[in-house]
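Here are the chains, one letter per residue:
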Amino acid sequence: MGNPPSTAKSSSMVDRDGKSKEKDPLVVCFGEMLIDFVPTVGGVSLAEAPAFKKAPGGAPANVAVGIARLGGSAAFVGKVGDDEFGHMLSDILKQNNVDNSGVCFDSKARTALAFVTLRADGEREFMFFRNPSADMLLRESELNKDLLKKASVFHYGSVSLIEEPCRSTQLAAMKIAKKAGCILSYDPNLRLALWPSPQAAKKEIMSIWDQADIIKISEEEISFLTDGADPYDDNVVLKKLFYPNVKLLLVTEGSEGCRYYTKEFKGKVGGVKVDCIDTTGAGDAFVSGLLNSFSADLNLYKDEKKLREALLFANACGALTVTERGAIPALPTKEAVIQVLPKIEA
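In this report, we go over the structure that sits alongside the text. (Residues numbered from 1 in each chain as written. Predicted model: local features only at pLDDT ≥ 70, side-chain atom pairs only at ≥ 80, totals over all residues. Heavy atoms only, no water.)

Re the overall build of the protein
- Each helix and strand counted, the protein has 10 helices and 15 strands in total.
- Whereas a compact globule of 346 residues would reach a radius of gyration of roughly 20 Å, the protein reaches 19 Å, a difference of no more than 12%.
- In terms of its C-alpha atoms, the protein occupies a principal-axis envelope of roughly 50 × 45 × 40 Å.
- Relative to its full complement of 346 residues, the protein shows a buried share of 57%.
- Of the contacts made within the protein by residues no fewer than 6 positions apart, 69% connect residues no fewer than 24 positions apart.
- Counting only carbon and sulfur atoms, one obtains 49% of the accessible surface of the protein, whose full area is about 14900 Å².
- With 42 positive and 46 negative side-chain charges, the protein shows a spacing of 5 Å between the two charge centroids. (Helix = DSSP H or I, 4+ residues; strand = E, 2+ residues; numbered from the N terminus. Rg over C-alpha atoms; globule rule 2.2 N^0.38 Å. Buried < 20%, exposed > 50% of the residue type's maximum accessible area, 1.4 Å probe, protein only. Contact = heavy atoms within 4.5 Å. Areas by Shrake-Rupley, 256 points an atom, 1.4 Å probe, with all protein chains shown as cover. Lys, Arg positive; Asp, Glu negative; His and termini not counted. Charge placed at Lys NZ, Arg CZ, Asp CG, Glu CD.)

The following block contains the structure:
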């Protein structure tokens, strides 16, 4: 099994004048970082939980830590409260070798909190405290623009699109990154409980769809965004979600692996069967594994063999993450991933 592309080299890019230029293999992740409160026992509703344990959370932050854990270069851009939790989260980024120079602190708003549990029926239950939380209040003037311009890959989600001013800030950051020659990576990471309505969620999530180079979605998100169409139907995915600007569209299928679609080819890469303890962060770990490979080779999507190797690696990242509780504590090292790679069926 081939090892994933190394992140030790610079990524070759072509600027708007057609000239090749070198960029560091830095992935900048934009969005929310918050405190997750998870029950101390599994299989209960939030109301039934006897006690909760705090854990760092937020999909873009998880991705940044995941990349750094794999030995890659990552930075996080977002806003937390100027409170105990906010400073704790910023410190966790630093402790995990993530560049936190893009983190801002808000003296008037608190760090976001989320109570999350996996019920006995397998469904995740969320309750969010964001009214408004600091992450929603990031302004364009607070963006570390130099950090954005240094990136090879700029990664973001849809949670930041829910409210102003953060929505406009995300759009501005995407524009800065694109102009600087970054690959744009989008994981909608649908959290319906945060949106005013399902209609609003679908409208905003799709409003930036055509700007991304890489999009990662789940089967459930396909059903939601296509009004209940069959998520396993290639024609549904290609006709409704593969926009002209997209270079790579990925559909994650949990333990079954993932499907991939480019302009030239499509296929599926199998997953690895593991004993699942907690699925929190598995999708973020998958994205970390993929973007860690992508940042070192921005043309990865053009070579199916290399892409399949990178997706095998990403699947292994996701698989290892579900064998431990929590997101950030469970994110694997490169060595741990390589050890399980032979067990994966292509």
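Past the structure itself, the notes keep going.
Section: the side chain of Asp135
- Structurally, the position occupied by Asp135 is in the loop between strand 9 (124-129) and helix 3 (145-150).
- There is a polar contact of 2.5 Å between the side chain of Asp135 and the side chain of Ser133.
- Other than its neighbours up to four places away in sequence, Asp135 contacts Glu32, Lys79, Ala112, Arg130 and Cys166. (Polar contact = N/O pair within 3.5 Å; in protein donor to acceptor, adjacent residues only side chain to side chain.)

Considering the nonpolar core
- Core analysis: the largest hydrophobic core is formed by 54 residues, its most contacted members being Phe76, Leu248, Tyr260, Leu291, Leu311 and Val337.
- Apart from the residues within four sequence positions on either side, Leu248 is in contact with Asp213, Ile214, Ile215, Tyr260, Tyr261, Thr262, Phe294, Tyr301 and Leu307.
- Counting 48 residues, the second largest nonpolar core, distinct from the first, contains Leu184, Trp209, Ile217 and Val237. (Core = buried A, V, L, I, M, F, W, Y, C linked by side-chain atoms within 4.5 Å.)

Comments concerning the packing of aromatic side chains
- Counting across every chain of the model gives 11 aromatic pairs.
- Here Phe126 and Phe128 contribute two aromatic rings whose centre-to-centre distance is 5.5 Å and whose plane-to-plane angle is 5 degrees, an arrangement assigned as stacked.
- Since its relative accessible area comes to 22%, Phe128 is described here as partly exposed.
- Joined through ring pairs, the aromatic side chains of Phe30, Phe154, Tyr156, Tyr186 and Trp209 make up one cluster. (Phe/Tyr/Trp six-rings, centres within 6.5 Å; stacked < 30°, edge-to-face > 60°.)

Some thoughts on a positive patch on the surface
- Together, Lys145, Lys149, Lys175 and Lys179 give the surface a local cluster of positive charge.
- Judged by its relative accessible area of 46%, Lys149 is partly exposed. (Patch = residues over 30% accessible without salt bridge, like charges linked within 9 Å, V, L, I, M, F, W, Y side chains within 5 Å. Salt bridge = Lys/Arg side-chain N within 4 Å of Asp/Glu carboxyl O.)

Examining the sheet that holds strand 8 (residues 113-118)
- Pairing within the open sheet is mixed, and its 4 strands lie in the order 5-4-8-9. Sheet topology places strand 5 (52-57) and strand 9 at the edges, where each strand pairs with a single neighbour. Within this sheet the neighbouring strands show an average axis-to-axis angle of 25 degrees, counted without direction.
- Pairing geometry for strand 8 and strand 9, over 6 bridges, is antiparallel. Residue pairing for strand 9: Ala114 is matched across the bridge by Phe128.
- Helix 2 (residues 84-95) contacts strand 4 (34-39), strand 5 and strand 8 of the sheet and is inclined by roughly 95 degrees relative to strand 4. (Pairing = 2+ DSSP bridges. Axes fitted to C-alpha atoms, helices over the stretch in contact; angles between N-to-C directions.)

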